Amino acid sequence: MTMYTSGYANRSSQYASFAGNRAQVNTPAAAAGLISEVVYREDQPMMTQQLLLPLLQQLSQQSRWQLWLTPQQKLSRAWVQSAGLPLSKLMHISQLSPDNTLDSMIKALQTGNYSVVIGWHAQELSEDEHRRLVNAAQEGNAMGFIMRPVRFDPQASGQSSGLKIHSNLFH
């Protein structure tokens, strides 16, 4: 799994790799205006969950909501509860089309109603898309995660652009 993070409007994204199973932020306010692209292998969704869950649990202590924008999958209520995330502060919207995810994320981040907005997107972000997301996250004092699954196929010469989410997160 790789995570590309940029907190401000410059596009010189930093490459961050995590050696442990936990990602931690000392204060949720330190994450204001943060956009991260999380690229993960479809055959290893648990690694991503182990890295993001501590952060999401910490952010759930804020009075603001968490928004999950998923392409047609329904978020598993049992998983949310077992992960220690409060159902009362979590909003889930299944997108009709993955093409709407970025615009929906931008609008949600701008409102300031959400501590974090998570959305799935199959392609890398363009410079303009990234800039718009960062500006929206700064305006709403929020974090945004772009989840980009890739297939692992040792026989393939490239990555697939299809969007699938394989996980116990969804049912």
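A brief structural summary. Given the structure is predicted, the values throughout are model-derived calculations rather than measurements.

Some words on the environment of Met-91
Here comes step 1: The topology assignment puts Met-91 in strand S5 (residues 90-95).
Here comes step 2: Using a relative accessible area of 28% as the deciding quantity, one classes Met-91 as partly exposed.
Here comes step 3: Along the primary structure Met-91 and Leu-75 are separated by 16 residues, whereas in three dimensions their C-alpha atoms are 9.6 Å apart.
Here comes step 4: Residues within four places of Met-91 in sequence aside, it is in contact with Trp-65, Gln-66, Leu-67, Trp-68 and Tyr-114.

Side note on the environment of Val-117
Here comes step 1: With respect to the helices and strands, Val-117 occurs in strand S6 (residues 114-120).
Here comes step 2: C-alpha separation for the pair Val-117 and Ala-142, spaced 25 residues apart in sequence, amounts to 7.7 Å.
Here comes step 3: Not counting chain neighbours up to four residues away, the residues in contact with Val-117 comprise Leu-67, Leu-69, Met-105, Ala-108, Leu-109, Met-143, Gly-144 and Phe-145.

Focus: helix H4 (residues 127-140)
Here comes step 1: With 14 residues, H4 extends 20 Å from end C-alpha to end C-alpha; this agrees with the ideal 20 Å at 1.5 Å per step.
Here comes step 2: Of the positions making up H4, those classed as buried are His-130, Leu-133, Val-134, Ala-136, Ala-137 and Gly-140. Summarising the axial view, the buried residues of H4 lie within an arc of 165°, below the 170-degree limit, and thus occupy one face. Across H4 from its buried face, at more than 90 degrees, point the exposed residues Glu-127 and Glu-139.

Side note on the pattern of salt bridges
Here comes step 1: Scanning all chains against the criterion turns up three salt bridges.
Here comes step 2: Between Asp-103 and Arg-132 there is a salt bridge whose closest N-O contact spans 2.9 Å. With Asp-103 in helix H3 (residues 101-111) and Arg-132 in helix H4, this pair connects stretches of sequence that are 29 residues apart.
Here comes step 3: Accessibility expressed as a relative area gives 38% for Asp-103, which makes it partly exposed.
Here comes step 4: Since its relative accessible area comes to 31%, Arg-132 is described here as partly exposed.

What to know about the packing of H3 against H4
Here comes step 1: The geometry of H3 relative to H4 is characterised by a closest axis approach of 7 Å and an angle of 25° between their N-to-C directions. Between H3 and H4, the interaxial angle falls into the category roughly parallel. Remark: the crossing between H3 and H4 carries left-handed chirality. Residues Leu-102, Asp-103, Met-105, Ile-106, Leu-109 and Gln-110 of H3 lie in contact with H4, whose contacting residues are Glu-129, Arg-132, Leu-133, Ala-136, Ala-137, Glu-139 and Gly-140.
Here comes step 2: The residue inventory of the contact of H3 with H4, partitioned by class, reads seven nonpolar, two polar and four charged.

So, the side chain of Gln-66
Here comes step 1: Here Gln-66 is to be found in strand S4 (residues 65-71).
Here comes step 2: Taking relative accessible area as the criterion, Gln-66 reaches 3% and is therefore assigned buried.
Here comes step 3: There is a polar contact of 2.7 Å between the side chain of Gln-66 and the backbone oxygen of Leu-56.
Here comes step 4: Beyond its immediate chain neighbours, meaning those up to four positions away, Gln-66 contacts Leu-56, Leu-59, Ser-60, Leu-85, Lys-89, Leu-90, Met-91, Tyr-114, Ser-115 and Val-116.

About the criteria used
Residues numbered from 1 in each chain as written. Predicted model: local features only at pLDDT ≥ 70, side-chain atom pairs only at ≥ 80, totals over all residues. Heavy atoms only, no water. Helix = DSSP H or I, 4+ residues; strand = E, 2+ residues; numbered from the N terminus. Buried < 20%, exposed > 50% of the residue type's maximum accessible area, 1.4 Å probe, protein only. Contact = heavy atoms within 4.5 Å. Expected span 1.5 Å × (residues − 1). Arc of directions from axis to C-beta. Salt bridge = Lys/Arg side-chain N within 4 Å of Asp/Glu carboxyl O. Axes fitted to C-alpha atoms, helices over the stretch in contact; angles between N-to-C directions. Parallel < 35°, antiparallel > 145°, perpendicular 65-115°, else oblique. Left-handed = near helix turned anticlockwise from the far one by under 90°. Nonpolar A, V, L, I, M, F, W, Y, C, P; charged D, E, K, R; others polar. Polar contact = N/O pair within 3.5 Å; in protein donor to acceptor, adjacent residues only side chain to side chain.

Note that every value here comes from positions in space, so none of it alone points to a role or purpose.
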